Structures are given as C-alpha cells and as structure tokens.
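# Chains, contacts and geometry: an overview
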Amino acid sequence: DIQMTQSPASLSASVGDSVTITCRASQGIAHYLAWYQQKPGKVPNLLIYGGSILQSGVPSRFSGSGYGTDFTLTISSLQPEDVATYYCQKYNRAAFTFGPGTKVEIK
Amino acid sequence: EVLLVESGGGLVQPGGSLRLSCAASGFTFSDHYIDWVRQAPGKGLEWIGRIKSGASSYTTEYAASVEGRFTMSRDDSKNSLYLQMNSLKTEDTALYYCTRVDFWSGAIDFWGQGTLVTVSS
C-alpha cells in the first residue's frame, strides 16, 4: 500500500503568517490528493481536492499544489479560526489512506 | 441538506460483534459511493472501507486492518448503510464516521457526526 506522510507534525504561527504543510506519497498518485481540516471537537471538512481545486465555500486563503508524490497546502494569511488539524488523503485507488495530520496553532 | 446519521455504537467485549448503521438523506443515496472512516481517541483519521454504488456492482474495498472482520452493506431502498464488525479488538475503539464520496471529485465531501465504538473487557 502507498504510505502518506505529512510534515511538520505540528506548527505554531502568528495571525497573518503564511503557513505551508507538506504531504508526500510513497508512490505517485497523480492529482488524486485531498486536504481536510478538522477543528477541535468537530467533523473533518473538505478543503481541497484534485491536489489544487478549492472546495466550494472554502476561503481563498487556502490553496493546494503538487502532483505525483509531493503536495503542499498553504494558508496565505493564518486566521484564529484556522486552528485545526489538517489531513491529506490519497484517493486514486484503495486503500484511501490519510496522512498522520498536521496540528496548526496560533503563536 | 445532506445528512448522514450513524447509530449502533457502544461498549463491546474483545472478540465480540457490533453492527453500525448509517441513515442518509438529502441526496440521491443510490448514486454515491460511501466510505467508513474511523478516529481513535486523540488520534488521526483512518479509512477503513468503501462500498460502491449499484452501478459499480456494490463492490466493497477494505483496509488491511479490518479485512476479513468487517463487512459493509447497503440498502438503497432504505437509504441506509451498514457496517458489520466481528472479532473486535481493543484497537478498534474509535469514533466511526459514515462519509459520502463526491461523485465528481472522488473526495469525501460530507461526514456524519460519528458513533463511538468502545472495545473493552
């Protein structure tokens, strides 16, 4: 099975900072990569699919890029409501593995 | 409004069985693949299985961690999904989410609130 890794495991940044999270697949997955945001005590929410396509209703400060094995999620100007754990997920074929998550906090 | 409501969670002893249900509404259930995702307390998300639509022969796919122990099924006439869990282990303790796979993107676009399964003696 393809393994998914994320870095960093956690980060702390100031409001207004640009934040980047990396997701890596152990084998190529083309553009079949989604990013989810899970706020504390809440259900996950789809942010980006297809590696870079913003889900409807998601603020434009979120963006995704990448193809193949290396992907990034960027928050261009971190807001207090962005405190959450962010997960990537591959969905080209089963198993539809999630990354271990990146916890984002405000400094 | 898309709704996915899980039920059936609870406390079960190791080696026991439990059947979870998921009731769907607000969309054409029969058109969509449905995934089960679980989250152990304080841990990350784990994909555990998919059941495809009738157009894809209701094919199921499972994570290695549950293959042979868990079985997914669906009843499109009742807009319902089921997860039969057998030979439960303590490591199966988690919040179990029923999720909808978006027909166009292939990603999970809606999640239920989850039902908690605790495997303990």
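To be clear, the structure that these remarks concern was listed above.
Here we summarise the structure given alongside this text. Just so it is clear, the structure is predicted and the values come from calculations on it, not from any experiment.

Helix and strand content of chain B: zero helices and eleven strands. In chain B, the succession of α and β elements from N to C terminus is β-β-β-β-β-β-β-β-β-β-β. Relative to its length of 121 residues, chain B is compact, with a C-alpha radius of gyration of 14 Å against a globular reference of 14 Å. A principal-axis box enclosing the C-alpha atoms of chain B has dimensions of 40 × 25 × 25 Å. Taking all 121 residues of chain B together, the buried fraction comes to 50%. Put simply, 52% of the contacts in chain B that link residues at least 6 apart link residues at least 24 apart. Total accessible area on chain B is roughly 5,500 Å²; 49% of this is exposed by carbon and sulfur atoms.

When its secondary structure is counted, chain A shows zero helices and ten strands. Going from the N terminus to the C terminus, chain A shows its helices and strands as β-β-β-β-β-β-β-β-β-β. Its C-alpha atoms give chain A a radius of gyration of 13 Å, near enough to 13 Å, the size a compact globule of 107 residues would have. If you line up chain A on its principal axes, its C-alpha atoms span 35 × 25 × 25 Å. By residue count, 46% of the 107 residues in chain A fall in the buried class. Considering only residue pairs separated by 6 or more positions, chain A has 57% of its internal contacts joining residues 24 or more positions apart. Accessible area for chain A stands at about 4,800 Å²; split by element, carbon and sulfur atoms hold 47% of it. Separation between the mean location of the 8 positive side-chain charges and that of the 6 negative ones in chain A comes to 4 Å.

Residues and elements named next belong to chain A. Relative to strand β10 (residues 102–106), strand β2 (residues 10–13) runs parallel, the two sharing four bridges. Looking at β10, one finds that Ala13 is bridged to Ile106. In this sheet, β10 lies alongside strand β9 (residues 84–90) in antiparallel orientation, the contact comprising three bridges. Across the sheet, the residue bridging to Tyr86 is Thr102, located in β10.

Turning to the environment of Lys89 of chain B, a few remarks are in order. Residue and element names in this part refer to chain B. Mapped onto the secondary structure, Lys89 falls in the loop between β8 (80–85) and β9 (94–101). In this structure, the C-alpha to C-alpha distance between Lys89 and Gly10, residues 79 residues apart in sequence, is 14 Å. Setting aside chain neighbours within four positions, we find Lys89 in contact with Arg69 and Val119.

Procedures and definitions
Residues numbered from 1 in each chain as written. Chains lettered and ligands numbered in written order. Predicted model: local features only at pLDDT ≥ 70, side-chain atom pairs only at ≥ 80, totals over all residues. Heavy atoms only, no water. Helix = DSSP H or I, 4+ residues; strand = E, 2+ residues; numbered from the N terminus. Rg over C-alpha atoms; globule rule 2.2 N^0.38 Å. Buried < 20%, exposed > 50% of the residue type's maximum accessible area, 1.4 Å probe, protein only. Contact = heavy atoms within 4.5 Å. Areas by Shrake-Rupley, 256 points an atom, 1.4 Å probe, with all protein chains shown as cover. Lys, Arg positive; Asp, Glu negative; His and termini not counted. Charge placed at Lys NZ, Arg CZ, Asp CG, Glu CD. Pairing = 2+ DSSP bridges.

The quantities given are spatial measurements derived from coordinates; they are silent on function.
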